[in-house]
Amino acid sequence: MMSEALVEHYRSVRRHTLALAEPLSDEDCCAQSMPDASPVKWHMAHTTWFFETFLLERYEPAFQPFDAAFRVLFNSYYNGVGDKYPRPWRGLLTRPSLGDVRAYRRNVDERLVQLMARHDVPAELTGLVELGLQHEQQHQELMLTDVKHLLSMNPTHPAYSQAPLAPASWLAPATWHAFEAGIVRVGHEGDGFCFDNETPRHRQFVEAFELASRLVSNGEYLAFIEAGGYRDPALWLSEGWDWINANRISHPLYWRQMQDGWREFTLHGLQTLDLHRPVTHVSYFEADAYARWAGARLPSEAEWERAARDAKDFGHASLHPPAASGGARPDGLMQLFGACWQWTSSSYAPYPGYRAAEGAIGEYNGKFMVNQYVLRGSSCATPPGHARISYRNFFPAGTCWQFSGIRLARSSLS
């Protein structure tokens, strides 16, 4: 029998997914705005598919699927499980209905809670439940970022939340914080949950460096734009220069230049650009170009983890990144968590000694370790309790629909 705490945690996480969908219409939940995004209905079904496929199918006596067709419809990328419905077409799945998906969630929840209450539950089931909950929390953040992109495509600028978004009243000055050269330990430490890509913990030598106390603000990034940053090829990686020109990009994803100035589309609707809040929804290419313009660079993930290793505050969930207006750690660093994921200069690659898990579960992280960059920290949309120091997020260099921002670093070599 599993602990009551784990069962309640399961119920809490599953309830939170439904709560995130509450402000949305059925139509909102079924639409897909681009191939990289998925409909909310699909997220709700896929996270349930995970529990049905990897837990109930394996451990429930006399298992019968809720609907045999769901095994293909809601498989994301697990080749070891079988066929998958094409990702770019998920918005075409008008059936099953949203009501059918909610019934699917209820059915699997009831059966899994019954399974967890059994006295003969295998020990490995606990680890799979926790993995499934962490997986669902990842999709909770994706639900918000995908919905934001969907609503941004609507010329009426609809808001996900009707709550007002107050402007930030103050922005802490940016300062530099020095870290000595030395061997640092990188990777997950302790008994708490981690994904396999955070292991094994290993040693790495890091040269002396400095890290900015906070994230780059909208106002600072606007200065980059006004200085011609998007028109200067010397600032851009070759692929990045091709990317901004092919896609006609001249500002962050959700910025809008209106007659009366810059606006930003947010989950609270279209807002006047708040110069104090951190710039967000920028790609790796944009983050790297800004860093060059500012006479700095992006930190490596080892540098970022070295700086964050004593973190105790992992941020508070909200719908838009807060400004750096206080609450610094004793070392002066702010916004490590709870504002924007921070691009690093590190390619997403396995740590020394890394081994993926066996079977289809092993497809969770390892097979994506190519042509992507690591982001560290967490964002305003990261669910409470999901962030940790060793967490490795990762996306291709042109990705900007996630809450991704910029923290500067520079070398201190003499």
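Going by the structure above, here's the rest.
The rules behind each value
- Residues numbered from 1 in each chain as written.
- Predicted model: local features only at pLDDT ≥ 70, side-chain atom pairs only at ≥ 80, totals over all residues.
- Heavy atoms only, no water.
- Helix = DSSP H or I, 4+ residues; strand = E, 2+ residues; numbered from the N terminus.
- Contact = heavy atoms within 4.5 Å.
- Pairing = 2+ DSSP bridges.
- Axes fitted to C-alpha atoms, helices over the stretch in contact; angles between N-to-C directions.
- Phe/Tyr/Trp six-rings, centres within 6.5 Å; stacked < 30°, edge-to-face > 60°.
- Lys NZ or Arg CZ within 6 Å of the ring centre and 35° of its normal.
- Core = buried A, V, L, I, M, F, W, Y, C linked by side-chain atoms within 4.5 Å.
- Buried < 20%, exposed > 50% of the residue type's maximum accessible area, 1.4 Å probe, protein only.
- Expected span 1.5 Å × (residues − 1).
- Arc of directions from axis to C-beta.

Caption draft 1: Representation of the environment of W304. By the element assignment, W304 lies in helix α10 (residues 301-308). In sequence terms W304 and A409 are 105 residues apart; their C-alpha atoms lie 9.1 Å from each other. Not counting chain neighbours up to four residues away, the residues in contact with W304 comprise L336, F337, Q342, R376, G377, I389 and R407.

Caption draft 2: Summary view of the sheet that holds strand β9 (residues 373-376). Pairing within the open sheet is mixed, and its 4 strands lie in the order β10-β9-β8-β11. A strand with exactly one partner marks an edge of an open sheet, and here the two such strands are β10 (393-395) and β11 (404-405). Where strand β8 (residues 341-347) meets β11, 2 bridges bridge the pair, whose relative direction is parallel. Looking at β11, one finds that W341 is bridged to S404. Set on the sheet, α10 makes contact with β8 and β9; between it and β9 the angle comes to about 10°.

Caption draft 3: Expanded view of the packing of aromatic side chains. Throughout the structure, instances matching the rule amount to 37 aromatic pairs. Here the aromatic rings of F195 and Y391 are separated by 5.9 Å at their centres, their planes lie at 90°, and the arrangement is edge-to-face. One end of the pair, F195, is in the loop between β2 (182-186) and β3 (202-206); the other, Y391, is in the loop between β9 and β10, and 196 residues separate them in sequence. Through a chain of ring-to-ring contacts, three or more aromatic side chains come together here, namely Y10, W49, F50, F51, F54, Y77, Y78, Y348, F368 and F394. Sitting over the ring of W42, R90 keeps its end group 3.6 Å from the ring centre. Between the NZ or CZ atom of R392 and the centre of the ring of Y351, over which it lies, the distance is 4.1 Å.

Caption draft 4: Broad picture of the nonpolar core. Of all hydrophobic cores here, the largest spans 95 residues; its most connected members are F54, V129, Y160, Y221, F224 and I406. It is helix α3 (residues 40-59) that provides the largest number of residues to this core, a total of 11 residues. Judged by nonpolar contacts, the second largest core, of 18 residues, contains L336, Y351, A387 and A409.

Caption draft 5: Seen up close, helix α1 (residues 4-21). Helix length check: α1, at 18 residues, gives a terminal C-alpha distance of 26 Å against a target of 26 Å (1.5 Å per residue), a fit within 8%. Of the residues making up α1, those classed as buried are L6, V7, Y10, V13, R14, T17, L20 and A21. One side of α1 holds all its buried residues, which, seen down the axis, span an arc of 160°. Exposed and facing more than 90 degrees away from the buried side of α1 are E4 and A5.

Caption draft 6: Looking closely at the sheet that holds strand β7 (residues 269-272). The 3 strands lie next to each other as β5-β6-β7, forming an open sheet whose pairing is antiparallel. The sheet is open, and its two edges are formed by β5 (255-258) and β7, each paired on a single side. Strand-to-strand twist across the sheet, computed as the mean angle between neighbouring axes with direction ignored, equals 35°. Summarising the sheet, β5 and strand β6 (residues 261-266) pair through 4 bridges and their orientation is antiparallel.

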